[in-house]
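Tertiary structure, described
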Amino acid sequence: MNILEIAENLYLIDLPQKIEGFRKFISSWVIKDGNKAVLVDVGPASTIPKLLESLKYLEIEHVEYILLTHIHLDHGGGIAEILKKFPESKVVVHEKGVRHLLNPEKLWEASKVALGDIAEVYGKPEGIGEERVHNDRVEFAGEEIEIVETPGHAAHHQSYVFGEFLFIGEAAGVHMPLKNDYYLRPATPRKFIFEIAYNSLEKLKELGSRRVCFAHFGFKRDSIEIIEKAMKQLRLWVDTIYDIACRRDFEGEEQILRQAREELLEKDRRFSRYYLLDEDIKKREDFFIDNSLRGILDYVFTNYCEP
């Protein structure tokens, strides 16, 4: 099965896509209490059958809440399908994301531009009814779930705290567990604003040490360690791209991006773990590394480089 038991009543469900390397990447988290559950993200429409199969295996009969870290297709694209199976469920999402859940047409068109063929594999999202959106206090198994606004990866990104667990979405980037080590990469698509993303990381750090549950992918015990590394990494990527784009004589965006990737693979210890990834996962990462670099390059061009 594609289910990992991370702690008592906490499960990570891997949702591999039918694209090379798209495994141990997209996931849904399940917080369980008897036959009831809360889900954190549901993945794209393409893998809702796999998610439902996993919930059945876990003997989940009722999903009280679905907590969306953000509405991108790989996190919330299958929301309408999962609500058909669990009509009692309420969706928790940032207010800036609500309109795109009700009418996802603009989200779909933007996703096709940003992701190309990947969006088609994920599947076109369907709209949900406004009555399904929950914008009040969230409680499960007698404990409140804290909602923390963490814009950066998206303006509507939010994280969740449940007991000792921090569901961090993509606020600290993309993580890949390795043997006694891990890979870490910023998730900085267009439009990226460094100050906003960095402030969100500072806010998460102030929560104190938690056990981190990544959207992409896996689990770490000390949130402060991860957040500090993500902050350092973000500064390094911005500084490196600034130096290349604004201070050196490189012609054209593609040349800047190639040079930035080459230098960051040397300077960034966590990012350099790229070389330890399986070959198919490297191919997946190549696409998203380019997206992350372009997001930061746009930010640098807009704010620092002379025209």
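Attention here is on the structure that accompanies the text. Values in this document were obtained by computation on a predicted structure and should not be read as measured data.

According to the stated counting rule, one finds 15 aromatic pairs in the structure shown. Here Y183 and F271 contribute two aromatic rings whose centre-to-centre distance is 6.2 Å and whose plane-to-plane angle is 40°, an arrangement assigned as tilted. Linking Y183 in strand β13 (residues 181–185) with F271 in the loop between α9 (253–267) and α10 (279–303), this pair joins segments that are 88 residues apart in sequence. Residue classification places Y183 among the buried positions, given a relative accessible area of 1%.

Below, the discussion takes up the pairing of strand β4 (residues 36–40). Regular strands place their side chains on alternate faces of the sheet. Across the five residues of β4, four count as buried, placing the element largely inside the fold. Pairing analysis gives five bridges linking strand β3 (residues 27–33) to β4, with the strands arranged antiparallel. Counterpart to W29 in the pairing with β4 is V40. Between β3 and the antiparallel strand that follows it, β4, lie two residues; G34 among them carries a positive phi value of about 65°. Where β4 lies against strand β5 (residues 62–67), five bridges are found, and the strand directions are parallel. Counted as the bridge partner of V38 is Y65 from β5.

In this model, the largest pocket occupies a volume close to 960 Å³. Volume-wise, the second largest pocket comes out at about 240 Å³. Surrounding the second largest pocket, 14 residues form its lining, V93, H94, E95, H134 and N135 being those nearest its centre. Secondary structure elements with two or more residues in the lining of the second largest pocket: α4 (95–102) and β9 (146–149). The element best represented in the lining of the second largest pocket is β9, accounting for three residues. The class makeup of the residues in the lining of the second largest pocket is six nonpolar, four polar and four charged.

Right, let's talk about empty space enclosed by the protein for a bit. Evaluated as defined, the whole model comprises one cavity of 30 Å³ or more. Put simply, the largest cavity is a space of about 140 Å³. E170, A171, G173, A187 and L234 are the residues nearest the centre of the largest cavity, which is lined by 19 residues in total. Among the secondary structure elements, those contributing two or more residues to the lining of the largest cavity are α7 (194–205) and α8 (223–247).

Here we come to unusual backbone geometry. Residue R190 is joined to K191 through a cis peptide bond whose omega torsion reads -5°. Tracing the backbone shows K191 in the loop between β13 and α7. Going from H216 to F217, the amide bond is cis rather than trans, its omega being -10°. Within the element layout of this structure, F217 appears in the loop between β14 (211–214) and β15 (218–220). The backbone phi angle of N9 is positive, close to 65°, even though this residue is not glycine. On the basis of relative accessible area, N9 is assigned to the partly exposed category, the value being 31%. In the Ramachandran plot, D41 falls in the positive-phi region, its phi being about 65° despite a non-glycine side chain. Along the chain, the position of D41 falls in the loop between β4 and α1 (48–57).

What counts and what doesn't
- Residues numbered from 1 in each chain as written.
- Predicted model: local features only at pLDDT ≥ 70, side-chain atom pairs only at ≥ 80, totals over all residues.
- Heavy atoms only, no water.
- Phe/Tyr/Trp six-rings, centres within 6.5 Å; stacked < 30°, edge-to-face > 60°.
- Helix = DSSP H or I, 4+ residues; strand = E, 2+ residues; numbered from the N terminus.
- Buried < 20%, exposed > 50% of the residue type's maximum accessible area, 1.4 Å probe, protein only.
- Pairing = 2+ DSSP bridges.
- 1 Å grid on protein atoms, 1.4 Å probe; cavity = no way out; pocket = protein on both sides within 12 Å on 5 of 7 lines; lining within 4 Å.
- Points joined across faces, edges and corners; volume = space filled by probe spheres on them.
- Nonpolar A, V, L, I, M, F, W, Y, C, P; charged D, E, K, R; others polar.

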